[in-house]
Amino acid sequence: NPSDLMFLLGRYGFTKPTPVVPGFEGSGTVVAVGRATGLLGRFLLGRQVACVTQQKGDGLWAEYVATSVNFALPLAGAVSLEQGAMSVVNPLTAVALIDMAKKAGHTMVLNTAGASALGLMMHRLGQQEGVEVVNIVRRAEQVTQLKQQGMDHVLNSSSDTFDQELRDLCHRQKIRLAFDAIAGAEPMRLLAAMPDHSRVTVYGGLSQQAVQVDPSGLIFQDKSVDGFWLTPWVRQKNILQNLLLWRRAQKLMQSALKTEVRARYPLAQAPQAVADYEAAMSGGKVLLVMGSE
């Protein structure tokens, strides 16, 4: 995931003392549990689970991982280990962002990195939830690709006419919410195109640049920029809410929240896998497969 790349660069929301095993999410089979895990541990023993990293200790790019029962999520029978390995970060982020838009009464929103795995999820989930997503991409071939998938609103931010097209669409459709995965100058371009009282929520930093914003829009047009991180969003919910959220996400894993896999690498080739993914981040996910040569 992009979050893995940010962690490797030391630019994520937390760092860990090195040497450390990276990897924010994965899946596998629970082969042993400690006594302190109680009934939940015994329930998970022998089950296939999705797993997410903790803020301390090693991550998931390993054959064996020790973790808390709170970070092991049982997979439904219909969810494969491959889909389970990609079932937390992007799917739950898509659910969170679309829910935020829906609860705030937005029927159409902007999203940058529209051709990414997360962008595709947001579009499909938005269709089910009554929130139309305008997909912003950076290459002409991505426009063609997404329109061939039936997406009506796709804009190329590299086009000479992009800013005017975006402004016309935002004012015509009264779009006042944008989700941004780029950072840098992108939030300012989005805010400039949207009407007064608009907001950009930054959930990624693919540009690896600080957010730039024109203060006049914030002061005189009641525009704003905020951020979204999945971790505190999940922590705000109680155990029952998170279980229902996880159950909902798994039901959608074969449809709206499905992830396409572009390549599979053995663990020993993790550096090549990272380079492959970084070279074409919107071309499908790259998996590390344990136990393969």
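Since this is a predicted model, take the numbers as computed values, not measurements.

Participant: Got a sec to walk through the side chain of Thr259? Specific residues and values, please.
Facilitator: Structurally, the position occupied by Thr259 is in the loop between helix H11 (239-251) and strand E10 (261-266). Classification of Thr259 by relative accessible area gives buried; the value is 4%. With residues up to four places along the chain from it excluded, the contact list for Thr259 reads Gln83, Met86, Ala117, Met121 and Lys285.

Participant: Any chance you could break down the environment of Ala181 for me, citing the residues and the numbers?
Facilitator: Counting through the fold element by element, Ala181 comes out in the loop between strand E7 (177-180) and helix H8 (186-193). Under the relative-accessibility criterion, Ala181 is labelled buried at 7%. Once the C-alpha coordinates of Ala181 and Ser116 are considered, the two residues, 65 residues apart in sequence, prove to be 9.8 Å apart. Residues contacting Ala181, with those up to four places away along its chain left out, are Thr112, Ala113, Tyr203, Gly204, Gly205 and Leu206.

Participant: Provide a residue-level description of the packing of aromatic side chains, including the pertinent values.
Facilitator: Enumeration over the complete set of coordinates arrives at eight aromatic pairs. Over the face of the ring belonging to Phe43 we find Arg47, whose NZ or CZ atom lies 4.0 Å from the ring centre. The ring of Trp233 carries the charged tip of Lys237 above its face, separated from the ring centre by 4.4 Å.

Participant: With reference to specific residues and values, describe the packing of helix H4 (residues 89-103) against H11.
Facilitator: Contact geometry of H4 with H11 gives a least axis separation of 10 Å together with a crossing angle of 105°. Viewed along their axes, H4 and H11 adopt a mutual orientation that is roughly perpendicular. Residue-level contacts link Leu92, Val95 and Asp99 of H4 to Leu245, Arg248 and Ala249 of H11. By residue class, the composition of the contact of H4 with H11 is four nonpolar, no polar and two charged.

Participant: Can you explain the sheet that holds strand E2 (residues 48-52)? Please cite residues and give values.
Facilitator: Strand order in this open sheet of three strands is E1-E2-E3, and the pairing throughout is antiparallel. Because the sheet does not close on itself, it has two edges, and the strands there are strand E1 (25-29) and strand E3 (72-74). When strand polarity is set aside, the average angle formed by the axes of neighbouring strands in this sheet is 30°. Of the pairings in the sheet, the one linking E1 to E2 comprises five bridges and is antiparallel in character. The residue bridging Gly28 from the neighbouring strand is Val49, located in E2.

Participant: A description of the sheet that holds strand E6 (residues 154-156) should follow, citing residues and the corresponding values.
Facilitator: Within a beta sheet, neighbouring strands are joined by backbone hydrogen bonds and run either parallel or antiparallel to one another. Ordered in space as E6-E5-E4-E7-E8-E9, the six strands form an open sheet in which the pairing is parallel. Only two strands of the sheet have a single partner each, and these edge strands are E6 and strand E9 (224-227). The mean inter-strand angle of the sheet, taken between neighbouring strand axes irrespective of direction, is 20°. Relative to strand E8 (residues 199-202), E7 runs parallel, the two sharing four bridges.

Participant: So what's going on with the pairing of strand E5 (residues 132-137)? Which residues, and what values?
Facilitator: On any regular strand, side chains alternate: one points to one face of the sheet, the next to the other face. Counting buried residues along E5, five of its six residues qualify, which places the element largely inside the surrounding structure. Strand direction decides the pairing type here: strand E4 (residues 108-111) and E5, joined by four bridges, are parallel. Residue pairing for E5: Met108 is matched across the bridge by Glu132. Handedness of the E4-helix H5 (residues 117-129)-E5 crossover: right-handed. Where E5 lies against E6, three bridges are found, and the strand directions are parallel. Within the sheet, the bridge partner assigned to Ile136 lies in E6 and is Leu155.

Cut-offs and rules
Residues numbered from 1 in each chain as written. Predicted model: local features only at pLDDT ≥ 70, side-chain atom pairs only at ≥ 80, totals over all residues. Heavy atoms only, no water. Helix = DSSP H or I, 4+ residues; strand = E, 2+ residues; numbered from the N terminus. Buried < 20%, exposed > 50% of the residue type's maximum accessible area, 1.4 Å probe, protein only. Contact = heavy atoms within 4.5 Å. Phe/Tyr/Trp six-rings, centres within 6.5 Å; stacked < 30°, edge-to-face > 60°. Lys NZ or Arg CZ within 6 Å of the ring centre and 35° of its normal. Axes fitted to C-alpha atoms, helices over the stretch in contact; angles between N-to-C directions. Parallel < 35°, antiparallel > 145°, perpendicular 65-115°, else oblique. Nonpolar A, V, L, I, M, F, W, Y, C, P; charged D, E, K, R; others polar. Pairing = 2+ DSSP bridges. Right-handed = clockwise from strand over helix to strand, strands pointing away.

Note that all results are geometric; they support no functional claim without further evidence.
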